[in-house]
Structures are given as C-alpha cells and as structure tokens.
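# Residue-level structural notes
Read off the chains here:
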Amino acid sequence: MNVVGTVAELRAALPREGVGFVPTMGYLHRGHLALVERARKENPFVVVSIFVNPLQFGPGEDYHRYPRDLERDQALLEEAGVDLLFAPSVEEMYPAGFATRVSVEGPLTALWEGEVRPGHFQGVATVVARLFLLVRPERAYFGEKDYQQLLVIRKMVRDMGFPLEVVGVPTVREEDGLALSSRNVYLSPETRGKANLLYRALSAMREVAQAGGSVAEALRAGEGVLAEVPEFRKDYLALVHPETLLPLSDWVPGARGIAAGRFPEVRLIDNLEVYP
Ligand SMILES: Nc1ncnc2c1ncn2[C@@H]1O[C@H](COP(=O)(O)OP(=O)(O)OP(=O)(O)O)[C@@H](O)[C@H]1O
Ligand SMILES: CC(C)(CO)[C@@H](O)C(=O)[O-]
Ligand code: BAL
C-alpha cells in the first residue's frame, strides 16, 4: 500500500481510471472495513482517505480529542488490500487563505443532525467535494450509519454533476445491536452496557410497524425504550421519509427510524429501516 500526505504525491500515485474511494476520519473499525471490502469488490484500485476535518466540528465539539492512531489504521488498511492511503495535514487540505465552502441547502441539511450541529453538513460537503476533485473516483462509499450524511452527499453529487456513483453500505453492528463508531471508545464500561438503547428503540418501532401499528404507536414504543435510561439525553427520535427525511404521519415504503442523543461521555446516532 502506498501512503501519501500531499496533493502532489496523490496525483502522481493515482491511476487514470478505476478508482473506488472510501473517505474516513480514521480510528478504523469493522464498519470502515466493510466499506473497503465493498470497494475492493467493485473497483480495480481502492483509495482510502484519513482526515479529521476541522470544518465539520462545532466550537464545543470533540475535534481535538477525536481518536487518532494512524499507525494502527495503516496496518489494517494494508491487510485489507487497499492500494493507496491519502492522509493529508490540515494545511494540505486547507492551505492558508482557503475560503470556499460547499453548502447543500434546504430541509435535508436543516433538520436533525443539521439542527443539532449547525454548520456540520457544510463542513462535510466542503471536504467531500474537495476530496472527490482530488481523488476523482468512479465510485465512493459511505456508511448508512450516517444516513443523513449519505443523503446529503448523494444530493451534492446529483446537483453538481460529480461524475461518480455514491454507494451506501449497511451499518455494521456489535452483537447487542450498537452501531460501530470510532467514538464508541469514549464509552465507559457502565455506559457501554446501555449504549444499544438507540438500536433497541429503533427495533421496537420496527416491531410495531411489522405488527400493523401506526406511526404514532411506533413512536410511542421507541420513546418508551429511551425513557428506560434516564442519563440519556435525546436529541431526536423520529420516523421519516427515506429520501426527504421529512417526518411521517403515515407509513411509506422504506420509512426510516432515526435517533440521536447523548450519554455524559459521548453522543450516539443510529437509524433503521422500519417499514419495508
Ligand atoms: N458501523 C458502521 N457501519 C457502516 N459504515 C460505517 C459505520 N461507522 C462508520 N461508517 C462509515 O464510515 C465512514 C467514515 O466514518 P467515520 O470515520 O466518521 O467513522 P465513524 O465510526 O462514523 O466515526 P464517528 O465516531 O465520527 O461517528 C462514513 O461513511 C461512515 O458512515
Ligand atoms: C465523510 C467524512 C469522512 C467527511 O469528513 C466524515 O463525515 C465521516 O467520516 O463520515
Ligand atoms: N461520522 C460522521 C462524522 C462526524 O460525526 O463528524
């Protein structure tokens, strides 16, 4: 595996075509490796980026303490058969004077994560647009775990005509249902025992849907699960349209449950298809 940190080195190392791309913020786990595996199956050349993007963190968020371990990540990617790792510095991605922002407007970015983390999706769209132009992939891989992010990237690609396909990959979970996330390392052993409550709430909503219950009944079931853990502070729990993310009053095919909130030491998000 070739490892590069500058734009010039990246350009020199890229083939003309056939690139599958997996953008990450590092501290890799089996979720990231599922994206890599899928990319390997579908592309002759796989590029992974590791960049903790300051633009997508708000002032009170965890940019400085975000977990980092490049050496371990490098070994995992090598083993996974990745061809090229791009791990730039902040100065390389955003040289002095960098002033451009890419912004997807409307409810897709204003709601949910966008409301809780103002400016977050502008930071994501800006870095992903820049990475797409640098890496020029034919396919780019994103996890369904960050479902709203996946939709925002799809929208940006469609609106701007980026010549690539966005591929969504199902969420990889721990045995008890907790979605894998780099931030799970912040969980204390005590909180880890309760951290699957988002998955349990989403699953309860799915059970109600499958049993023929209404949207309101499903939401009540989900809320009931969240209420079992008083130290969890909910940001949102909702049943939404799978493409617009607008709240539903009646079921539609692919209806999605989305949920996020905080334990004292970490913020968690999750989502699940609730209605087939
Ligand atoms: N459990 C998972 N299953 C599938 N894809 C995942 C999973 N976790 C993360 N991804 C995807 O990996 C890519 C890189 O994500 P990132 O590096 O932010 O990891 P993360 O584990 O989501 O970290 P964070 O703690 O920031 O949520 C994103 O497309 C993300 O959706
Ligand atoms: C897509 C991404 C790598 C952009 O920084 C990040 O938001 C992430 O890891 O999901
Ligand atoms: N995995 C999404 C990136 C973020 O939380 O900033």
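Residues numbered from 1 in each chain as written. Chains lettered and ligands numbered in written order. Predicted model: local features only at pLDDT ≥ 70, side-chain atom pairs only at ≥ 80, totals over all residues.

### Some words on helix α8 (residues 147-160)
In a regular helix each residue adds 1.5 Å, so 14 residues correspond to 20 Å; α8 covers 20 Å between its end C-alpha atoms and thus fits that length. Residues of α8 that are buried: Tyr147, Gln148, Gln149, Leu151, Val152, Ile153 and Met156. Downstream of α8 by a residue or two, Gly161 has a phi angle that is positive, lying close to 70 degrees. (Helix = DSSP H or I, 4+ residues; strand = E, 2+ residues; numbered from the N terminus. Expected span 1.5 Å × (residues − 1). Buried ≥ 20, exposed ≤ 12 C-beta atoms within 10 Å, placed from the backbone.)

### Some thoughts on the site of ligand 1
Inspection of the region around ligand 1 gives 18 residues, with Gly31, Gly143, Leu180, Ser182 and Arg183 positioned closest. Contributing elements (two or more residues each) for the shell around ligand 1: α2 (30-42) and β5 (139-143). In terms of residues, the shell around ligand 1 owes the most to one element, α2, which gives four residues. (Near = placed C-beta within 6 Å.)

### Here we look at the confidence of the model for the protein chain
Confidence in the prediction for the protein chain averages 98 pLDDT; 100% of positions are at 70 or higher. In the model output, the complex is listed with pTM 0.98 alongside ipTM 0.98. (pLDDT = per-residue confidence, 0-100.)

### Let's talk about the UniProt feature "active site" (unreviewed entry) in the protein chain
Per the UniProt record, "active site" (unreviewed entry) is found at His32. Locating His32 in the fold gives a position in helix α2. (UniProt positions renumbered as here; feature names shortened; annotations may be inferred.)

### Re the nonpolar core
Within the largest apolar cluster, 69 residues are counted, with the highest numbers of intra-cluster contacts made by Val48, Val152, Met205, Leu239 and Val274. With residues near it in sequence (within four places) discarded, Val274 still touches Leu202, Met205, Arg206, Ala209, Ala218, Leu239, Ala255, Arg256 and Gly257. (Core = buried A, V, L, I, M, F, W, Y, C linked by C-beta atoms within 7 Å. Contact = placed C-beta atoms within 7 Å.)

### Side note on the pairing of strand β2 (residues 19-24)
In terms of burial, β2 is a largely internal element, six of the six residues being buried. Here six bridges tie β2 to strand β3 (residues 45-50), and the two strands are oriented parallel to one another. Looking across to β3, one finds that Pro23 is bridged to Ser49. Handedness of the crossover joining β2 and β3 through α2: right-handed. As paired elements, β2 and β5 share two bridges and run parallel to each other. Paired with Gly20 across the strands is Arg139, a residue of β5. (Pairing = 2+ DSSP bridges. Right-handed = clockwise from strand over helix to strand, strands pointing away.)

### Some remarks on the sheet that holds strand β4 (residues 84-86)
One open sheet accounts for six strands, arranged β1-β4-β3-β2-β5-β6; its pairing is parallel. Only two strands of the sheet have a single neighbouring strand rather than two, namely β1 (2-4) and β6 (165-169). Taking each pair of neighbouring strands and ignoring which way they run, the sheet shows an average axis angle of 25 degrees. In this structure, β5 lies alongside β6, joined through five bridges in parallel fashion. (Axes fitted to C-alpha atoms, helices over the stretch in contact; angles between N-to-C directions.)

### Quick look at the sheet that holds strand β7 (residues 233-240)
Taking strand neighbours across the sheet as the criterion, the three strands line up as β7-β8-β9 in an open arrangement whose pairing is antiparallel. The open sheet has two edge strands with one neighbour each: β7 and β9 (266-273). The sheet shows a mean angle of 5 degrees between the axes of neighbouring strands, taken without regard to direction. In this sheet, strand β8 (residues 256-263) lies alongside β7 in antiparallel orientation, the contact comprising seven bridges. Each residue of the ladder has a partner; that of Val240, found in β8, is Arg256.

### Let's talk about the UniProt feature "binding site: (R)-pantoate" (unreviewed entry) in the protein chain
When the UniProt feature table is mapped onto this chain numbering, "binding site: (R)-pantoate" (unreviewed entry) sits at Gln56 and Gln149. Taking the farthest pair of C-alpha atoms as the criterion, the annotated set spanning 94 residues converges on one region, since that pair is 11.5 Å apart. When you line up the elements, Gln56 lands in the loop between β3 and α3 (70-79). Not counting residues up to four positions away in its chain, the partners in contact with Gln56 are His120, Gly123, Val124 and Val127.

### Here's the deal with the packing of helix α10 (residues 197-210) against helix α11 (residues 215-226)
What describes two packed helices is the angle between their axes and the distance between those same axes. Where α10 contacts α11, the two axes come as close as 8 Å, and the packing angle between them is 155 degrees. Between α10 and α11, the angle is such that the two are roughly antiparallel. Read as a crossing pair, α10 and α11 show a hand that is right-handed. Counted together, Leu197, Arg200, Ala201, Leu202, Ala204, Met205, Val208 and Ala209 of α10 and Glu217, Ala218, Leu219, Ala221, Gly222, Val225 and Leu226 of α11 form the full contact between these two elements. (Parallel < 35°, antiparallel > 145°, perpendicular 65-115°, else oblique. Left-handed = near helix turned anticlockwise from the far one by under 90°.)

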